[in-house]
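# Summary of structural features
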Amino acid sequence: MKVGDNMQPITSKLVTQTIIERPAESYKGNYGRVLLIGGNQNFGGAIIMAATAATYSGAGLVTVATDPQNFTSLHARLPEAMVVDYHQTDYLLGLATNMDVIVIGPGLGTDPFAERLLTAVLNAVHQPQRLVIDGSALTLLAAHPQPLPATPIVVTPHQMEWQRLSGLKISEQTPTANHQAQQKLGVIAVVKAHHTTIYTDQQVWFNPGGTPAMATGGMGDTLAGMIGGFSGQFTDFTNAILSAVYLHSTIADDLAASRYVVLPHQISALIPKYMHDFSQAELDD
Ligand SMILES: NC(=O)C1=CN([C@@H]2O[C@H](COP(=O)(O)OP(=O)(O)OC[C@H]3O[C@@H](n4cnc5c(N)ncnc54)[C@H](OP(=O)(O)O)[C@@H]3O)[C@@H](O)[C@H]2O)[C@@H](O)CC1
Ligand SMILES: Nc1ncnc2c1ncn2[C@@H]1O[C@H](COP(=O)(O)OP(=O)(O)O)[C@@H](O)[C@H]1O
Ligand SMILES: [Mg+2]
């Protein structure tokens with residue numbers, strides 16, 4: 001990836017300024033109500049990995065709307081998560097309205113049910129809720145363009161999902177072209193690659209970290225969950241996103257120093273420790 005002249009690296013200083021120490025007088029409601037929607041009968045792992053990452057990122061309360069067949073396996077690994085059957089649309093939308101962050105797409109699939117559910121959720125999301133759109137929800141959105149809610153939104157495509165959404169072939173996905181596509185979409189775009197790049201209306205960022213040891217299923221689901229967890233805690237949406245991208249690859253890079261492949265759940269397990277270390281780091285002036 002040629003670093004364009006106007007691209008800024010995400011720095012550890014930005015992360016240290018974002019992941020601040022928690023005030024003693026606080027409770028789980030201060031740290032975000034996050035709803036994750038996805039995990040059909042074939043892709044239950046995706047939503048479990050995303051929910052695990054959101055929980056380990058410090059979300060105050062995590063609710064997972066998924067196929068009921070995933071409830072037991074989810075609770076076996078993540079008793080902290082609450083569940084709802086994503087076929088119960090009215091009940092789900094009633095829950096969604098009180099959420100701070102909604103993550104939709106990991107393992108959602110692209111069948112007509114998934115399409116109807118995505119449209120229903122997009123119509124229900126309102127200011128100031130933050131929305132993370134990932135995985136199959138991006139593929140659905142590309143195939144069936146529809147109006148997006150007027151609220152802070154981030155999309156987290158890999159290069160093929162970005163091709164579908166932006167219309168830019170992977171070989172054409174330069175920072176300039178990506179930035180123009182992001183401006184047209186009117187959302188923040190995290191274009192995942194060896195060095196992930198992030199596009200906001202104001203700025204283009206690149207992530208200095210990243211290793212091929214991350215090239216395994218569930219790594220993007222994990223990032224979507226981290227972005228959801230951070231977005232429910234930290235005031236600045238862009239800095240929450242940038243910090244999640246940075247930490248996701250920093251943990252992987254450290255693990256990859258002695259591992260051929262890094263697994264998504266290994267990253268999630270280390271998020272609390274790395275967040276602690278960044279919250280304690282002295283701000284070099
Ligand atoms: N354990 C689980 O439950 C898991 C569930 N998951 C869920 O699966 C759903 C589908 O997500 P997806 O990313 O697997 O498939 P899709 O969107 O169809 O794209 C794949 C096609 O694009 C092409 N391609 C080209 N470049 C590419 C690139 N840089 N990165 C990726 N692909 C690239 C690629 O080319 P090929 O590899 O065939 O050469 C192929 O033709 C989604 O909801 C996700 O959350 C996964 O997270 C895994 C773990
Ligand atoms: N060679 C690589 N170098 C650095 N990061 C990589 C590499 N391959 C994959 N990744 C990272 O792994 C994640 C893959 O996301 P995605 O394809 O959505 O995974 P998922 O299977 O969870 O959907 C992205 O964050 C991407 O940046
Ligand atoms: Mg993905």
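Reading guide: rules and limits
Residue positions are given per chain, counted from 1 along the sequence in the order it is written. As they are written, the chains are lettered A onward and the ligands numbered 1 onward, keeping that order. A pLDDT threshold of at least 70 governs which residues receive local features in this predicted model, and a stricter bar of 80 or more applies before side-chain atom pairs are shown or counted, although totals over entire chains, interfaces and linings include all residues. Water and hydrogen atoms play no part in the side-chain values, which are based on all heavy atoms of the structure. What we call a nonpolar core is a set of buried Ala, Val, Leu, Ile, Met, Phe, Trp, Tyr and Cys residues that are connected through their side-chain atoms within 4.5 Å. The classification of residues rests on relative accessible area computed with a 1.4 Å probe and restricted to protein chains. Under 20% of the type maximum is buried, over 50% is exposed, and intermediate values are partly exposed. Under the DSSP-based scheme used, a helix requires at least four consecutive residues in state H or I and a strand at least two consecutive residues in state E, with every element numbered from the N terminus. Residue contacts are defined here by distance: any two heavy atoms, one from each residue, within 4.5 Å place the two residues in contact. UniProt positions are given in the numbering used here, feature names are shortened, and annotations may be inferred rather than shown by experiment. We define a polar contact as two N or O atoms separated by no more than 3.5 Å, with the added condition that, inside protein, one atom must be a possible hydrogen donor and the other a possible acceptor, whereas residues neighbouring each other in sequence contribute only through side-chain atom pairs. We call a residue near a molecule or strand as soon as one heavy atom of that residue lies within 4 Å of the molecule or strand. Areas reported here follow the Shrake-Rupley algorithm with a probe of radius 1.4 Å; residue values treat only the protein chains shown as occluding. We call Asp, Glu, Lys and Arg charged. Ala, Val, Leu, Ile, Met, Phe, Trp, Tyr, Cys and Pro are nonpolar, and the rest, Gly among them, are polar. Pairing of aromatic side chains requires ring centres within 6.5 Å, counting the rings of Phe and Tyr and the six-membered ring of Trp. Pairs whose planes differ by under 30 degrees are stacked, by over 60 edge-to-face, and all others tilted. Any Lys NZ or Arg CZ that is within 6 Å of a ring centre and within 35 degrees of that ring's normal is treated as a charge sitting over the ring.

Grouped together as the largest cluster of nonpolar side chains are 52 residues, with contacts concentrated most on Leu-36, Phe-230 and Leu-247. The element best represented in this core is helix α10 (residues 237–256), accounting for 11 residues. Leaving out residues up to four positions away in the same chain, Phe-230 has contacts with Ile-19, Ser-57, Ala-240, Ser-243, Ala-244, Leu-247, Ile-271 and Met-275.

Turning our attention to the UniProt feature "binding site: (6S)-NADPHX" (unreviewed entry) in the chain. As recorded in UniProt, the feature "binding site: (6S)-NADPHX" (unreviewed entry) lies at Ala-46, Gly-107, His-158 and Asp-221. Within the secondary structure, Ala-46 sits in helix α2 (residues 44–56). Overall, Ala-46 belongs to the buried group, its relative accessible area being 8%. Those residues in contact with Ala-46 that sit more than four places away from it in its chain are Pro-106, Gly-107 and Asp-221.

Turning to the environment of Gln-69, a few remarks are in order. Counting through the fold element by element, Gln-69 comes out in the loop between β3 (61–66) and α3 (71–77). On the accessibility criterion, Gln-69 (45% relative accessible area) is partly exposed. Placed 30 residues apart in sequence, Gln-69 and Gly-39 show a C-alpha to C-alpha distance of 9.5 Å. For Gln-69, the side chain forms a polar contact with the main-chain oxygen of Gln-41, separated by 3.0 Å.

This part takes up the site of ligand 1. Residues in contact with ligand 1 amount to 18 residues; listed here are only the nearest, Gly-107, Ser-136, His-158, Arg-164 and Asp-221. Gly-105 is positioned with one of its backbone polar atoms (N or O) 3.4 Å from an oxygen atom of ligand 1. Side-chain polar atom of Asp-221 to an oxygen atom of ligand 1: 2.7 Å apart, as the coordinates give it. If ligand 1 stood free it would expose 900 Å²; the protein chains cover 51% of that surface. For the shell around ligand 1, the elements supplying multiple residues, two or more each, are α2 and α7 (159–166). The leading source of residues in the shell around ligand 1 is α7, at four residues. Among the residues making up the shell around ligand 1, the classes are represented as seven nonpolar, eight polar and three charged.

So, on to the site of ligand 2. The local shell around ligand 2 holds 16 residues, among which Lys-192, Ala-193, His-194, Gly-220 and Asp-221 are the closest. His-194 places a side-chain nitrogen or oxygen 2.8 Å from a nitrogen atom of ligand 2. Thr-196 is positioned such that a nitrogen or oxygen atom in its side chain is 3.3 Å from an oxygen atom of ligand 2. With the chains in place, 79% of the 570 Å² that ligand 2 exposes on its own is no longer accessible. For the shell around ligand 2, the element with the highest residue contribution is helix α9 (residues 219–231), accounting for three residues. Considered class by class, the residues forming the shell around ligand 2 number five nonpolar, nine polar and two charged.

How two aromatic rings sit relative to each other is set out by the distance from centre to centre and by the angle between their planes. The full count for this structure, using the stated rule, is three aromatic pairs. With 5.6 Å between their ring centres and 90° between their planes, Phe-230 and Phe-234 make a pair best called edge-to-face. For the pair formed by Phe-230 and Phe-234, the shared burial category is buried. Above the ring of Tyr-31, the side-chain terminus of Arg-22 is found at 3.6 Å from the ring centroid.

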